[in-house]
Amino acid sequence: MRIPVGSDPVAERALVSAEDVALVRAADGTGWTYRSLDAAVARTAGKLAALGVERGDHVGLLAGTDVPAVRTIYGALRLGAVPVPLNTRLTAGELGPQLATADVDVLVCERATEALGIAAAKEAPSEPPTTIATLDGADETGEEPVRLSEQSATGFETAVPDVDDARLLLFTSGTTGRPKAVELTAGNLRSSAIASAFRLGVESDDRWFDPLAIYHMGGFAPIYRSILYGTTAVLQREFDGASTLAAIDRADATCLSIVPTMLQRMLDDADADAAADSVPDSLADLRFVLSGGAATPTSLVDRCADRDVPLCPTYGSTETASQVATALPEEAREHERTVGRPLYSTTVSILDDDGDPVPAGESGEIVVDGPTVSPGYYADEAATVESRSELGYHTGDLGRRDDAGRLWVLGRADDAISTGGELVHPVDVVDALESHPAVDTAAVVGLDDPEWGERVGALIVGAGEEAGDENGIDAIRDHCETELAGYKRPKTIAFVDELPLTASGTVDRDAVRERLRVDGVEF
């Protein structure tokens, strides 16, 4: 079968570097060559075709960062279908609307997420997926999904995408706090991989260690890029500081993608086991450590510099197919808190409230343009139009640049909370809290946190005195555990008779933060 250049990175690599290692499972060291991965992708594509998946269909994926997830994504792509990786940490009530928003036709789960996928389909406010398939394991739910492994691979026609064809849908909360599915095209993904290579370099023996979730751009990008480059991606499902350090060492990794909280924990674990001025070779010998998903603290930059860890703070988003700007280690050390210069073919503008560019040194909204920028949000023209102008994609982030073009990110222009690499919008938490009968209303803000960057805080007006007593707090906590993913749950709360308001009648968020700092308790 002839593979048109640019249409299928796995098939391309199977032709030119068949015996090179494509993927390694960090847990046991098992490897897959490009030849074996290509064969697995072909089998998976055939099995998906047997389920009726066709070009243009949306294939949801509810699975951890592992080889089955990779072959499912590329199997769907080989059919011309669009993969939709979904957050396995969400509740069924949170996932249901996303299935509907993305028009998921087939939902592929694994044993660990099978029950969640079935429950989420029931929570979809409109037409649920027509088929739920499971990659592995036995049914423990009493509701039998389709077993993908039991399908007979059928013949199928390999799709040849245009550069502007959607090749991926990834969810981001966006500036409104409501789930939006970002469309990323073949051109977006390839342009991002090329730009990243120009900034970070590519070596033939690179082994990119990826402990991040595949449903986030930061976890997906290293896998896609490594396959495109013909290098090796090392996949880790679960993160733990000490075990990840050991796994990086065992895998002979050369590159690492990480969020700042994870890197801090790894250094903490290293220091607990060794002298404070040492660090395991698994970090010090890496070509780069790409730190993103949240602001990289100055203290972490300094800590890495002291230990010769090649830290590269980066700034990016799902809407830009990952990196927008990335600082190399020396630049990060010399220019405190910078995320570096924009990548190749990426244009960054800083605009004032009137939409006009501001001079170097002045702050404003960060607007990004170039071939990595998504064409928009799936089936949400209003949100797409609102976030775009002739200058590009309006990120909703505040920033400034210096005369040399280096970028500093100053925080969200809205009230989003960035905690441990996850973005939380207050409206999601307020909705969940106010759905409890003991809560009249609530205000949710981000509070500074030395480990997570920010933590979620909630100021609650309760229905009656019992809301703030021990039993009431326990009931609200149980409610949050049902309604919200762990990273969205409030970590600090306080109870008040009424919320503080500004003169215009809106919630005074600064007053809320101050009240939580003074009267807040761990939740």
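Residues numbered from 1 in each chain as written. Predicted model: local features only at pLDDT ≥ 70, side-chain atom pairs only at ≥ 80, totals over all residues. Heavy atoms only, no water.

## Points about the confidence of the model for the protein
Okay, so step 1: Across the protein, the average pLDDT comes to 89, with 92% of residues at or above 70.
Okay, so step 2: Note on residues 137-142: pLDDT is under 50 here. Beyond four places in sequence and across chains, it has 14 contacts. (pLDDT = per-residue confidence, 0-100. Contact = heavy atoms within 4.5 Å.)

## Let's talk about the pattern of salt bridges
Okay, so step 1: Evaluation of the coordinates by the stated rule reveals 23 salt bridges.
Okay, so step 2: A salt bridge links Asp66 to Arg25; the nearest nitrogen and oxygen atoms lie 2.9 Å apart. With a gap of 41 residues between them, Asp66 in the loop between β3 (58-62) and α3 (67-78) and Arg25 in strand β1 (residues 21-25) connect regions that are remote in the sequence.
Okay, so step 3: Here Asp66 falls in the buried class, since its relative accessible area comes to 9%.
Okay, so step 4: Residue class for Arg25 comes out partly exposed when judged on its relative accessible area of 21%.
Okay, so step 5: With its nearest N and O atoms 2.5 Å apart, the salt bridge here joins Glu331 to Arg341. (Salt bridge = Lys/Arg side-chain N within 4 Å of Asp/Glu carboxyl O. Helix = DSSP H or I, 4+ residues; strand = E, 2+ residues; numbered from the N terminus. Buried < 20%, exposed > 50% of the residue type's maximum accessible area, 1.4 Å probe, protein only.)

## As for the packing of helix α1 (residues 9-16) against helix α7 (residues 217-229)
Okay, so step 1: Where α1 meets α7, the closest approach of the two axes is 8 Å, and the angle between their N-to-C directions is 35°. Here the hand of the crossing between α1 and α7 comes out left-handed. Contacts between α1 and α7 involve Pro9, Val10 and Arg13 on the former and, on the latter, Tyr224, Ile227, Leu228 and Tyr229. (Axes fitted to C-alpha atoms, helices over the stretch in contact; angles between N-to-C directions. Left-handed = near helix turned anticlockwise from the far one by under 90°.)

## A look at the nonpolar core
Okay, so step 1: Of all hydrophobic cores here, the largest spans 68 residues; its most connected members are Leu23, Tyr74 and Val108.
Okay, so step 2: Residues contacting Val108, with those up to four places away along its chain left out, are Leu48, Val59, Gly60, Leu61, Leu62, Thr72, Ala133, Leu135 and Leu148.
Okay, so step 3: Counting residues in each nonpolar core, the second largest holds 41 residues, with Ala181, Ala432, Leu433 and Ala458 among its members. (Core = buried A, V, L, I, M, F, W, Y, C linked by side-chain atoms within 4.5 Å.)

## Examining the environment of Leu300
Okay, so step 1: Mapped onto the secondary structure, Leu300 falls in helix α11 (residues 298-306).
Okay, so step 2: Given the relative accessible area of 1%, Leu300 is considered buried.
Okay, so step 3: Taking the C-alpha atoms as reference points, Leu300 and Leu263, separated by 37 residues in sequence, lie 8.4 Å from one another.
Okay, so step 4: Ignoring anything within four residues of it in the chain, the contact list for Leu300 reads Pro260, Leu263, Gln264, Leu267 and Leu311.

## A short note on helix α8 (residues 241-250)
Three or four residues apart is the spacing at which side chains of an α-helix point the same way, because the helix has 3.6 residues per turn.
Okay, so step 1: Looking at α8, one finds that the buried residues are Gly241, Thr244, Leu245, Ala247 and Ile248. Mapping the buried residues of α8 onto a view down its axis gives an arc of 165°, with all of them on the same face. (Arc of directions from axis to C-beta.)

## With respect to the sheet that holds strand β25 (residues 439-449)
Okay, so step 1: Read across the open sheet, the four strands follow the order β25-β26-β27-β28; overall the sheet is mixed. At either margin of the open sheet sits one strand with a lone partner, and together these are β25 and β28 (521-522).
Okay, so step 2: Two strands pair when backbone bridges link them, and β25 and strand β26 (residues 453-462) are joined in this way by 10 bridges, in the antiparallel orientation. Looking across to β26, one finds that Val439 is bridged to Gly462.
Okay, so step 3: Where helix α14 (residues 426-434) meets the sheet, it contacts β25 and β26, and its direction lies at approximately 140° from that of β25.
Okay, so step 4: Along the sheet, helix α16 (residues 509-519) makes contact with β25, β26, β27 (492-496) and β28, crossing β25 at roughly 80°. (Pairing = 2+ DSSP bridges.)

## Looking at the pairing of strand β9 (residues 180-185)
Okay, so step 1: Across the six residues that make up β9, a large majority, five, are buried.
Okay, so step 2: As paired elements, strand β8 (residues 166-172) and β9 share six bridges and run antiparallel to each other. Note that in β9 the partner of Leu170 across the bridge is Val182.
Okay, so step 3: When β9 meets strand β19 (residues 376-377), the two strands line up antiparallel, connected through two bridges.

## Side note on the packing of α1 against helix α2 (residues 34-50)
In helix packing, the relevant descriptors are the interaxial angle and the interaxial distance, both defined with respect to the helix axes.
Okay, so step 1: At a closest axis distance of 8 Å, the pairing of α1 and α2 adopts a crossing angle of 140°. The orientation of α1 with respect to α2, classified from their angle, is oblique. Between α1 and α2 the crossing geometry is left-handed. Across from Val10, Ala11, Arg13 and Ala14 in α1, the residues of α2 making contact are Tyr34, Leu37, Asp38 and Val41. (Parallel < 35°, antiparallel > 145°, perpendicular 65-115°, else oblique.)

## Comments concerning the pairing of β26
Look at any regular strand and the pattern is simple: side chains alternate between the two faces of the sheet.
Okay, so step 1: With seven of its 10 residues buried, β26 lies for the most part within the structure.
Okay, so step 2: Hairpin remark: β25 followed by β26, antiparallel, with three residues in the connecting loop.
Okay, so step 3: Here five bridges tie β26 to β27, and the two strands are oriented parallel to one another. Pairing of Ala458 across the sheet is with Ile493, part of β27.

## A look at the packing of aromatic side chains
Okay, so step 1: Summed over the entire model, instances satisfying the criterion amount to three aromatic pairs.
Okay, so step 2: Note on Trp208 and Phe288: the rings are 5.4 Å apart at their centroids and 85° apart in plane angle, and the pair reads as edge-to-face. With Trp208 in strand β10 (residues 207-210) and Phe288 in strand β13 (residues 288-291), the pair connects residues that are 80 residues apart, well separated along the chain.
Okay, so step 3: Under the relative-accessibility criterion, Phe288 is labelled buried at 3%.
Okay, so step 4: Both rings, one in Phe220 and one in Tyr224, keep their centres 6.1 Å apart while their planes meet at 25°; by these two values the pair is stacked. (Phe/Tyr/Trp six-rings, centres within 6.5 Å; stacked < 30°, edge-to-face > 60°.)

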